[in-house]
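Residues per chain are reported as follows:
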Amino acid sequence: MSEQSKKSADDQFGGRKRTSHERMSGLPWDASYKNGPAPWDIGQPQPVIARRASAGGFAGAVLDAGWGTGENSLLVASLGLRVLGVDVAETALSMAREKASQRGIEIEFTMADALHLDRLGRTFDTVLDSALFHTFNAEERPRYVASLASVTRSDATLYVLCFSDEGPDIGPHPVKEIDLRAAFIPANGWNIADLSSDRLQTRFHHAASAWFARVKRI
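About the criteria used
Throughout, a residue's number is its position along its own chain's written sequence, starting from 1. Local features in this predicted model are restricted to residues of pLDDT 70 or higher, and side-chain atom pairs are both shown and tallied only at a pLDDT of 80 or more, whereas totals for entire chains, interfaces and linings draw on every residue. Heavy atoms from the whole structure form the basis of all side-chain values; hydrogens and water molecules are not counted. Under the scheme used here, helices are H or I runs from DSSP no shorter than 4 residues and strands are E runs no shorter than 2 residues, and both carry numbers assigned from the N terminus. For each residue, the accessible area found with a 1.4 Å probe, counting protein chains only, is set against the maximum for its type, and the residue is called buried under 20%, exposed over 50%, and partly exposed in between. In protein, a polar contact means a hydrogen-donor-capable atom and an acceptor-capable atom, both N or O and within 3.5 Å, with residues adjacent in sequence counting only if both atoms are side-chain atoms; elsewhere, any N or O pair within 3.5 Å suffices. Note on definitions: a residue-residue contact is assigned when non-hydrogen atoms from the two residues lie within 4.5 Å. Should DSSP find at least two bridges between two strands, the strands are taken to pair. Angles here are taken between N-to-C directions and fall from 0 to 180 degrees, while the axes themselves are lines fitted to C-alpha atoms, restricted in helices to the stretch in contact. Two aromatic rings from Phe, Tyr or Trp, using only the six-membered ring of Trp, form a pair when their centres are within 6.5 Å; if the ring planes differ by under 30 degrees the pair is stacked, by over 60 it is edge-to-face, and anything between is tilted. In what follows, salt bridge is the name for a side-chain nitrogen of Lys or Arg lying within 4 Å of a carboxyl oxygen of Asp or Glu.

## A few points about the side chain of Gln46
Line of reasoning, step 1. Tracing the backbone shows Gln46 in the loop between helix 3 (31–34) and helix 4 (47–54).
Line of reasoning, step 2. Given a relative accessible area of 5%, Gln46 falls into the buried group.
Line of reasoning, step 3. Polar contacts involving the side chain of Gln46 include one to the main-chain carbonyl oxygen of Gln201, which spans 2.8 Å.
Line of reasoning, step 4. Contacts of Gln46, omitting those with residues within four sequence positions, involve Trp40, Asn72, Ser130, Leu161, Arg199, Leu200 and Gln201.

Written as structure tokens, this is what we have:
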């Protein structure tokens, strides 16, 4: 690819390095929202996230890394918690802000790269990753885990919901249990407190096989 072509591609992707998912699809994340409802945009919170929220699983300052159109973030914020949702998709940002305005929910949404969360200059007590981890390849995952570590306090809680490679209905980018466990280890500042099989809903999968992990920051 010529330097001019690279520059054009960088402009299309907001001047940042494209993720493996974007390289594979040839489109920026924002296109998923411009071209109709994104596959993962089900118009409501993920059931497992809703259950955890109702059980008091979120506390303190909350970060939603890759919020989509904001359903999970808005649910948590409706409980009276301070929530920041970040994403790289401008269209999703506009949609999430419109939902917050219509529902009268106080929440903050901003554009940010999940691989460079340190640029936020903030720290959080609870972090939510709903269907983001599995979009990163083996090369990107260590960078993402380090990015999460840069914005979490000691004893912070991270929830990860991602596609699993086990079960009857497997979604795209399935993650092996061994790879998920390898990403969050004490050497990287994390410890998986519990990991269970669950379901992740999309517009194409009523209930795809998923992992749901509660991870603690050391």
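## Focus: the sheet that holds strand 2 (residues 82–87)
Line of reasoning, step 1. Read from one edge to the other, the open sheet built from seven strands follows the order 3-2-1-4-5-7-6, with strand pairing classed as mixed. The open sheet has two free edges, formed respectively by strand 3 (108–111) and strand 6 (190–200), since each of these has just one partner strand. Direction aside, the axes of adjacent strands within the sheet are offset by 15° on average.
Line of reasoning, step 2. Relative to strand 7 (residues 208–217), strand 5 (residues 152–163) runs antiparallel, the two being bridged by seven bridges. When the bridges of strand 7 are listed, Leu161 appears paired with Phe212.
Line of reasoning, step 3. Packing against the sheet, helix 4 makes contact with strand 4 (124–130), strand 5, strand 6 and strand 7, and its axis sits at approximately 35° to strand 7.

## Thoughts on the packing of aromatic side chains
Line of reasoning, step 1. The tally for this structure, following the rule as stated, stands at six aromatic pairs.
Line of reasoning, step 2. Ring plane angle 50° and centroid distance 5.1 Å describe the contact between Phe58 and Tyr159, whose orientation is recorded as tilted. Of this pair, Phe58 sits in the loop between helix 4 and strand 1 (61–65) while Tyr159 sits in strand 5; the two residues are 101 residues apart in sequence, bridging distant segments of the chain. The same class applies to Phe58 and to Tyr159, which are both buried.
Line of reasoning, step 3. Relative to Phe212, the ring of Tyr159 has its centre 5.7 Å away and its plane inclined at 5°; by these criteria the two rings are stacked. Separated by 53 residues along the polypeptide, Tyr159 in strand 5 and Phe212 in strand 7 bring together distant segments of the chain.

## Regarding the environment of Ala38
Line of reasoning, step 1. Along the chain, Ala38 turns up in the loop between helix 3 and helix 4.
Line of reasoning, step 2. Ala38 sits 164 residues away from Thr202 along the chain, and the two C-alpha atoms are 8.8 Å apart.
Line of reasoning, step 3. Not counting the four nearest positions on each side in its chain, Ala38 is found in contact with Ser32, Tyr33 and Arg203.

## A word on helix 7 (residues 141–149)
Line of reasoning, step 1. Three or more residues of helix 7 are buried, namely Arg141, Tyr144, Val145, Ser147, Leu148 and Ala149.
Line of reasoning, step 2. Here the buried face of helix 7 lies against strand 1, strand 4, strand 5, helix 8 (177–183), strand 6 and strand 7.

## Some thoughts on the pattern of salt bridges
Line of reasoning, step 1. Counted by the stated rule, this structure contains eight salt bridges.
Line of reasoning, step 2. We note a salt bridge from Asp198 to Arg51, for which the minimum N-O separation is 3.1 Å. Taken together, the residues span a long stretch of sequence, with Asp198 in strand 6 and Arg51 in helix 4 at a distance of 147 residues.
Line of reasoning, step 3. Judged by its relative accessible area of 18%, Asp198 is buried.
Line of reasoning, step 4. With relative accessibility at 45%, the residue Arg51 sits in the partly exposed group.
Line of reasoning, step 5. For Arg122, the salt bridge is made with Glu108, and the minimal N-O distance between the two is 3.2 Å. Remark: Glu108 occurs in strand 3 and Arg122 occurs in the loop between strand 3 and strand 4; sequence separation between them is 14 residues.
Line of reasoning, step 6. The class for Glu108 is partly exposed, based on a relative accessible area of 36%.
Line of reasoning, step 7. Taken together, the salt bridges that share partners define one network made up of Glu71, Lys99 and Arg103.

Any functional reading would require information that these geometric values do not contain.
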